[in-house]
Amino acid sequence: MAWVLLVVAGLLEVGWSVGMKYTDGFTRPVPSLFTGAGIVASMLLLSYAAKSLPIGTAYGVWVGIGAAGAAVVGMVVLGEPVTAARIFFVCLLLVAVVGLKATSGH
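Residues numbered from 1 in each chain as written. Predicted model: local features only at pLDDT ≥ 70, side-chain atom pairs only at ≥ 80, totals over all residues. Heavy atoms only, no water.

(A) Representation of the UniProt feature "transmembrane region" (unreviewed entry) in the protein within the structure. On the UniProt side, "transmembrane region" (unreviewed entry) is annotated at positions that read residues 33-50, 57-78 and 84-103 here. Between the C-alpha atoms that bound residues 57-78 the distance is 30 Å, and the span itself is 91% helix and 0% strand. (UniProt positions renumbered as here; feature names shortened; annotations may be inferred. Helix = DSSP H or I, 4+ residues; strand = E, 2+ residues; numbered from the N terminus.)

What follows is the structure, given as structure tokens:
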């Protein structure tokens, strides 16, 4: 169950990190509310997952999902540059996430 919570926390991190683009420095109320709620929910789920997973693994996986997801959303939805180098490094992030899971002992 901890892994499910951690993956959901990572996906929420993608949502709130992309959502920050729409808050205009937290001056727009509705995007700011959704982004803030995403931050809180993501952190809570990360903390629940960290009860039974090593914190280095939990945090690394959470950050990896968030960083890779935000980069992919940026390229696919927001029109950010899609280059071979960016795709390669996103893949490296995903390999690191899988590696942390595989070596966590859980």
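(B) Structural context of the pattern of salt bridges. Enumeration according to the criterion identifies one salt bridge in this entry. In this structure, R86 and E80 form a salt bridge, with 3.3 Å as the shortest nitrogen-oxygen distance. (Salt bridge = Lys/Arg side-chain N within 4 Å of Asp/Glu carboxyl O.)

(C) How the structure looks around the nonpolar core. Counting 13 residues, the largest nonpolar core has W3, L6, L46, L53, A58, V61 and W62 as its most contacted members. Mapped onto this core, the elements with two or more residues apiece are α1 (2-19), α2 (29-49) and α3 (55-76). When residues no more than four places from it in sequence are discounted, the contact partners of V61 are W3, L6, V97 and L100. (Core = buried A, V, L, I, M, F, W, Y, C linked by side-chain atoms within 4.5 Å. Buried < 20%, exposed > 50% of the residue type's maximum accessible area, 1.4 Å probe, protein only. Contact = heavy atoms within 4.5 Å.)

(D) The arrangement of unusual backbone geometry in detail. Phi is positive for D24, close to 50°, though the residue is something other than glycine. Inspection of the secondary structure puts D24 in the loop between α1 and α2. Backbone geometry places F26, a non-glycine residue, at a positive phi of 60°. As for its position among the elements, F26 is in the loop between α1 and α2.

(E) Representation of the packing of aromatic side chains in the model. According to the stated counting rule, one finds two aromatic pairs in the structure shown. Between Y59 and W62, the aromatic rings sit 5.6 Å apart at their centres with planes inclined by 40°, giving tilted as the arrangement. You can see Y59 and its partner W62 sitting in helix α3, three residues apart, about one turn around the helix. Judged by relative accessible area, which is 4%, W62 ranks as buried. For the ring pair F88 and F89, a centre distance of 5.1 Å and an interplane angle of 70° mean the geometry is edge-to-face. Cation over ring: K101 sits above W3, and NZ or CZ is 4.8 Å from the ring centre. (Phe/Tyr/Trp six-rings, centres within 6.5 Å; stacked < 30°, edge-to-face > 60°. Lys NZ or Arg CZ within 6 Å of the ring centre and 35° of its normal.)

(F) Quick peek at a nonpolar patch on the surface. Where nonpolar side chains cluster on the molecular surface, the patch consists of M1, V4 and V8 and spans about 310 Å² of accessible area. In this structure, M1 sits in the segment before α1. (Patch = residues over 30% accessible without salt bridge, like charges linked within 9 Å, V, L, I, M, F, W, Y side chains within 5 Å. Areas by Shrake-Rupley, 256 points an atom, 1.4 Å probe, with all protein chains shown as cover.)

(G) Just the environment of G36, in detail. Position of G36 among the secondary structure elements: in helix α2. Owing to a relative accessible area of 24%, G36 belongs among the partly exposed residues under this scheme.

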